[in-house]
Amino acid sequence: EFLALLPGAEVAAVAIAGRMLEALRSNDVSAITPGRQLSASLGVACARSGETLGSLIARADEALYRAKHAGRGRVEVA
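Residues numbered from 1 in each chain as written. Predicted model: local features only at pLDDT ≥ 70, side-chain atom pairs only at ≥ 80, totals over all residues. Heavy atoms only, no water.

Draft legend 1. Summary view of helix α2 (residues 53-69). Taking 1.5 Å per residue, 17 residues should reach 24 Å; α2 reaches 24 Å between its end C-alpha atoms and fits that length. The complete set of buried residues in α2 reads Leu56, Arg59, Ala60, Ala63, Leu64 and Ala67. Looking down the long axis of α2, one finds its buried residues gathered within 145° of arc, a one-sided arrangement. In α2, the exposed positions that point more than 90 degrees away from the buried face belong to Glu62 and His69. Looking at the buried side of α2, the elements it contacts are β1 (42-44) and β2 (75-77). Immediately beyond the C-terminal end of α2, within one or two residues, lies Gly71, with a positive phi of roughly 125°. (Helix = DSSP H or I, 4+ residues; strand = E, 2+ residues; numbered from the N terminus. Expected span 1.5 Å × (residues − 1). Buried < 20%, exposed > 50% of the residue type's maximum accessible area, 1.4 Å probe, protein only. Arc of directions from axis to C-beta. Contact = heavy atoms within 4.5 Å.)

Okay, here's the thing in structure tokens:
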């Protein structure tokens, strides 16, 4: 897992996550894992007024796990 903080990108965060997912899918990793492609599940959360960093990360993590349970290889928004 990794975390990307995108200050000022609240409106574009979902589009950025989608582009990240497509970039992963387009990588050829057949030399490492024949017959497989990279995939990721991404959770996106935009900060709410007065929200703590811990709460923001927890909401993004919840969205991430929803993406994993919904079939992986997708973006879910908190």
